[in-house]
Amino acid sequence: MSKNEKKPLGPNSVDMGERGTYDKRNKLNDLTGKEWVYFTNSVWITGYSPTARENVGLKTRKIHPSPKPPALMKDIIEFFTKADGKILDPFAGVGGTLLGAALAGGDRKVIGFDLEKKYIDAYYKVCDDEQMKKYPLIHDDARNMLSHKEVVDEVFDLVLTDPPYSDMMAKERTGQRKKLYNDSTPKPYTELRADLGNIPIDEFLVELRKIMEIAFSRLKNKGYMVVFCKDFQPQAGQPNLLHAEVINELCKIDGLEYRGMRIWHDQAMSLYPFGYPFSFVMNQIHQYILIFRKEV
Ligand SMILES: C[S@@+](CC[C@H](N)C(=O)[O-])C[C@H]1O[C@@H](n2cnc3c(N)ncnc32)[C@H](O)[C@@H]1O
């Protein structure tokens, strides 16, 4: 065979042109081998423009202190589901996951939960303004997920969520947050005691596990659970490696296994001179995307 000649395709391969080759045995997603391998890169650098379609409705979603770019969620959804995938987000905020699923398209279904009505209203406004497919974002505590028919009647392929990290948001806003987000937003996410963002870290970890255990009960076997996490700044005597604590806590769920992470570098974040000129203070412009799988 000459150098320019294409290797003949195997019995399981489908030629997808520029996209590469799709393997018919692929039970996880609709990606080609090339696209699959690209996603497994442990570092992920993005910089979605606030006005791009990928960041649809940001102007409205900015009432939330930390809305996720829908395009980022779309890429995660496209890796962990096929076109008819079912997705559950217990902490949906202004709907980054739901909008990501709409961008991914197909016949996907998503159900989200959030405690704060104004975030839910903002999500529906974006759907109306931008003519995006609308999914149910239920106004309730995620601890009550099993009292909703939409959850009990479904088996999910993916749980994708971005929990509120303890008292992280309760700290004074830095110049960076003021610049990026509308500063009239109350902090943390809500004033409610039920908000996991308002409780001490030890309690938070236990409550997070309980909620993820409920989500796990509706996840299919071999289904993935993908959880965003950001560390706190280290302090004297406290390394504050929250991502490691979250991994250890969620691994207490019988049948859930940690499978690795992607580190997301958000290029939309600017660097600030924290600590300058006296000491090193990290400019944390990355987040962890922790990946677990149900193995029962
Ligand atoms: C980090 S935000 C999620 C942001 C979301 N990924 C987005 O793109 O908008 C976490 C959300 O969890 C919600 N939350 C906190 N405790 C909750 C609970 N017990 N049940 C449901 N939602 C809760 C907060 O209101 C907040 O909007």
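Note that this is a predicted model, so its numbers are computed, not measured. Sequence order as written defines residue numbering, which begins from 1 separately in each chain. Given that the model is predicted, a residue must reach a pLDDT of at least 70 before its local features are reported, and side-chain atom pairs must reach 80 or more before they are shown or counted; all residues, however, enter totals for whole chains, interfaces and linings. Heavy atoms throughout the structure, all of them, feed into the side-chain values; hydrogens and water do not.

*Asks:* I tried to follow the pairing of strand β10 (residues 286–294) on my own but got confused; where do I start?
*Replies:* The side chains of a regular strand alternate, residue by residue, between the two faces of the sheet. Throughout this description, buried means an accessible area under 20% of the type-specific maximum (1.4 Å probe, protein chains only), exposed means over 50%, and partly exposed covers the range between. Elements are defined by DSSP. Helices are runs of H or I of four residues or more, strands are runs of E of two residues or more, and each kind is numbered from the N terminus. Among the 9 residues that make up β10, 8 are buried, leaving the element largely enclosed by the rest of the structure. Pairing geometry for strand β8 (residues 219–229) and β10, over 6 bridges, is antiparallel. Bridging from a neighbouring strand, Tyr224 pairs with Arg293 of β10. Two strands are said to pair when DSSP picks up at least two bridges between them. One ladder, built from 9 bridges, connects strand β9 (residues 256–266) with β10; its direction is antiparallel. Each bridged residue has a counterpart across the sheet, and for Ile263 the counterpart in β10 is Tyr288.

*Asks:* How should the packing of aromatic side chains be read in this particular structure?
*Replies:* A ring pair, where both rings are aromatic, is described by two values, the distance of the centres and the angle of the planes. What counts as a ring pair is set by centres within 6.5 Å for rings of Phe, Tyr and Trp (its six-membered ring), and what kind of pair is set by the plane angle: stacked under 30 degrees, edge-to-face over 60, tilted for all other angles. In the structure shown here, the tally under the stated rule is 11 aromatic pairs. Judged by centre distance (5.0 Å) and plane angle (65 degrees), the rings of Trp36 and Phe79 are edge-to-face. One end of the pair, Trp36, is in helix α1 (residues 33–39); the other, Phe79, is in helix α3 (residues 70–80), with 43 residues separating them in the sequence. You can call Trp36 partly exposed: its relative accessible area is 32%. When the centroid spacing of 4.8 Å and the interplanar angle of 45 degrees are considered together, the rings of Phe80 and Tyr224 count as tilted. Of the two residues, Phe80 sits in helix α3 while Tyr224 sits in strand β8, which places them 144 residues apart along the sequence. The exposure class assigned to Phe80 is buried, which follows from its relative accessible area of 4%.

*Asks:* Please explain the pairing of strand β5 (residues 109–114) as it appears in this structure.
*Replies:* Within β5, 5 of the 6 residues are buried, leaving the element largely enclosed by the surrounding structure. In this fold, strand β4 (residues 86–89) hands off to helix α4 (residues 96–104), which returns the chain to β5; that crossover is right-handed. Here β5 pairs with strand β6 (residues 137–139) via 3 bridges, running parallel. From the neighbouring strand, Asp114 faces β6, where its bridge partner is His139. By convention a crossover is right-handed if, when the strands point away from the viewer, the path from the first strand over the helix to the second runs clockwise. In this fold, the crossover linking β5 to β6 by way of helix α5 (residues 117–130) has right-handed handedness.

*Asks:* Which parts of the structure should I look at to understand the sheet that holds β6?
*Replies:* By way of backbone hydrogen bonds, the strands of a sheet pair with one another, either parallel or antiparallel. Strand order in the open sheet formed by 8 strands is β3-β9-β10-β8-β7-β4-β5-β6, with mixed pairing between adjacent strands. Since the sheet does not close on itself, it has two edges, and those belong to β3 (43–46) and β6, each with one partner. Sheet twist, expressed as the mean angle between neighbouring strand axes with direction ignored, is 20 degrees. Working rule for contacts: check all heavy atoms of both residues, and any pair within 4.5 Å makes them a contact. Helix axes are fitted to C-alpha atoms over the stretch in contact, other axes to C-alpha atoms as well, and angles between N-to-C directions run from 0 to 180 degrees. Along the sheet, helix α9 (residues 242–250) contacts β8, β9 and β10; its crossing angle with β10, the most-contacted strand, is approximately 10 degrees.

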